[in-house]
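Residue-level structural notes
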Amino acid sequence: MGVPSSIHTMEALYGQRLVVASLDLPGHLGALADHLPPGAGWIALRMANELTLLPYYTAFQPAAVRRQACGAMLQGQMDGLMMRLGMATFRAGRVTTLRFCASCLRHMHGQYEEYYWRRDHQLPGVLVCPDHGCPLQASAVSLTERGRHIYVAADGQACPRNAPVVVSTRNDGVLADLQRLAMASRALLEDPGPARPLNGWTAHYRQELQRAGLMHSARRVDQRQLAERFHHHHRRVLGHLPGLMAGKHFNGDWLPAMVRKPRGAFHPLQHVLLQDFFDHQDTQAELFGAGPWLCVNPLAQHVGKAVVSTVTLHRNHGHRVGVFTCDCGYVYTRSCFEDSGTAGPPRFQAYGPLLASALSDMIMCGNSLRATAKHLQLDPKTVVKLAGDLAIDTPWKRRAEVKQQGPLRPRMATNLRQRRPAKSGRRSRQPSNWPERDRQVSRQVLRAANEIRRQKPPVRVCALQIERRTWNRGWLNKRASKLPKAMRCLRAVAESVPQFQRRRIGWVIHQMDLANESLRIWRILRKAGLRSQHAELVATLLAEHLESKRKLMA
């Protein structure tokens, strides 16, 4: 450029001398755009989106964070930008040596007769060329050893042919997986897509977990299955990608954290890995066909059209149940019977905001209950209940209200007594031998308590569980005065809540130890279903477990 030093170069480009020549998130782009020749077409916003790594690092950030990061780059407010994006805490880190692809260099020279640095080659998770699938090579340009204000052009000296590769493998399967991830990373760079809040990404991933059958319930993730299947899917590349694994465990437990309540941002590489994992899973939602699914709301204009895109799955009595939620508010369920592979018909669950006005209009028009129920495709009793829940006055009454109108008239009661059949001449049943019955019930209580204690996962030994296993609910308490020995036995075997918590924690620690899982207090609390206030108890029982294990091994 005809200037003697890099300081003068910065002054010519930016109008000031001490501008840092950054690889991924350069600053002062507004000043650079002002110093370019008129008509060049490179405004500051275009440079930020097409010449930097800003789209990649903000692909999974909220819209406000995207605007703040772009504004900081345009104005040169770069102090702590990586920290503000939440990227400084990840070991995946930033590229410290510029990379190149030999095949790309030959193509550049043949088309433009010069070389240039490709920004997709400088992404943290890109180890092979997205176009050619060959390992990238490390150039002679180290970002940590050169001056902060120096730009280095791509040429034969910076990109020697014998430069070392960044990943040393010739396995076709590994290279294919790395190329697929590199193409996904480049796609974020070219089009990051619409912005979502952090909890929006969590909700999206939990829905994908439900489709993949990795949820115990609507809120609880099967973390063990997720970790096993994720590790198996990426088994060939996890060891090559930087900062993701600590031995056999995920570094910083980033995978479980991504599907929990959001507490911060995650590295784009981690998002790319998780999305690639979901893209290659067999979704359980296909049990009901590929979405979107039909809306069956008879009050909606789009009834019968495939507009439902939200479905959650859970298990109920041995079969899968899909809960389909339409944007109009209508919710229905369908059961999939895995033995026969058939899906049941839609069953109403909730109507949404369209019901109140439609139901009021039908009542005002004098429609009968059955006509209204037929129009809403509901049972008449369900229509009456929904009207009551919405506080809509109806000419129909619930059966419970009819019963509460008062006792029978005296004359009717007299007629009922007159019509009552005479007692038979058979002798009444002999009274029970309660002392013998008391001893039998005591033995049943002990037997049921032992069965409950052997149950896995642990269940609390209490009167309710014992009654459910042996009699009906409330059977024992109704006869407490006649079964004193059985009641004393019940009080002796029943567990208090703290006792059951200790037993459950001990079982969880033992199971996690057998599975070689990390015995961390927060993990044990989550598996035991306890809050953080029990952390001290968990720490005590964990120390006792480790001490007993040490004594056995000694």
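Everything discussed here concerns the structure shown above.
Residues numbered from 1 in each chain as written. Predicted model: local features only at pLDDT ≥ 70, side-chain atom pairs only at ≥ 80, totals over all residues. Heavy atoms only, no water.

1. Quick look at the overall build of the protein chain
Secondary structure summary: the protein chain contains 24 helices and eleven strands in total. Structurally, the protein chain occupies a C-alpha span of about 125 × 80 × 45 Å along its principal axes. Expressed as a percentage of the 554 residues in the protein chain, the buried residues total 39%. With an accessible surface of roughly 32,800 Å², the protein chain has 50% of that area assigned to carbon and sulfur atoms. Where the 80 positive side-chain charges of the protein chain centre and where its 41 negative ones centre are 17 Å apart. (Helix = DSSP H or I, 4+ residues; strand = E, 2+ residues; numbered from the N terminus. Buried < 20%, exposed > 50% of the residue type's maximum accessible area, 1.4 Å probe, protein only. Areas by Shrake-Rupley, 256 points an atom, 1.4 Å probe, with all protein chains shown as cover. Lys, Arg positive; Asp, Glu negative; His and termini not counted. Charge placed at Lys NZ, Arg CZ, Asp CG, Glu CD.)

2. Concerning the layout of surface pockets
What the largest pocket holds in volume is close to 1,600 Å³. Lining the largest pocket are 46 residues, and of these Q223, R224, R260, R523 and K527 lie nearest its centre. For the lining of the largest pocket, the elements supplying multiple residues, two or more each, are α10 (223-233), β4 (249-250), α11 (254-258), α22 (497-514) and α23 (521-528). Among the elements that make up the lining of the largest pocket, the one with the highest residue count is α10 (six residues). Taken together, the residues of the lining of the largest pocket break down into 17 nonpolar, twelve polar and 17 charged. What the second largest pocket holds in volume is close to 1,200 Å³. Lining the second largest pocket we find 33 residues, and of these S22, L23, L51, W117 and Y151 sit closest to its centre. Put simply, the parts of the chain that give the lining of the second largest pocket at least two residues each are α1 (6-14), α2 (29-35), α3 (44-50) and α8 (172-190). Among the elements that take part in the lining of the second largest pocket, α8 stands out by supplying three residues, more than any other. Partitioning the lining of the second largest pocket into residue classes produces 23 nonpolar, three polar and seven charged. (1 Å grid on protein atoms, 1.4 Å probe; cavity = no way out; pocket = protein on both sides within 12 Å on 5 of 7 lines; lining within 4 Å. Points joined across faces, edges and corners; volume = space filled by probe spheres on them. Nonpolar A, V, L, I, M, F, W, Y, C, P; charged D, E, K, R; others polar.)

3. Digging into a positive patch on the surface
Taken together, the side chains of R443, R447, K485, R488 and R491 make up a positively charged region of the molecular surface. The element that contributes the greatest number of residues to the positive patch is helix α21 (residues 484-493), accounting for three residues. In this structure, R447 sits in helix α18 (residues 434-454). (Patch = residues over 30% accessible without salt bridge, like charges linked within 9 Å, V, L, I, M, F, W, Y side chains within 5 Å. Salt bridge = Lys/Arg side-chain N within 4 Å of Asp/Glu carboxyl O.)

4. Digging into the packing of aromatic side chains
On inspection of all chains with the given rule, the structure shows 16 aromatic pairs. Taken together, the ring pairs connect F60, W201, Y205, F230, F250, W254, F277 and F278 into an aromatic cluster. Positioned above the aromatic ring of W42 is the side chain of R46, whose terminal nitrogen or guanidinium carbon lies 3.8 Å from the ring centre. Above the ring of W201, the side-chain terminus of R196 is found at 4.6 Å from the ring centroid. (Phe/Tyr/Trp six-rings, centres within 6.5 Å; stacked < 30°, edge-to-face > 60°. Lys NZ or Arg CZ within 6 Å of the ring centre and 35° of its normal.)

5. Some points on the side chain of R260
Secondary-structure assignment places R260 in the loop between α11 and α12 (268-279). Those residues in contact with R260 that lie beyond four places of it in its chain are T202, R206, Q223, W522 and R526. (Contact = heavy atoms within 4.5 Å.)

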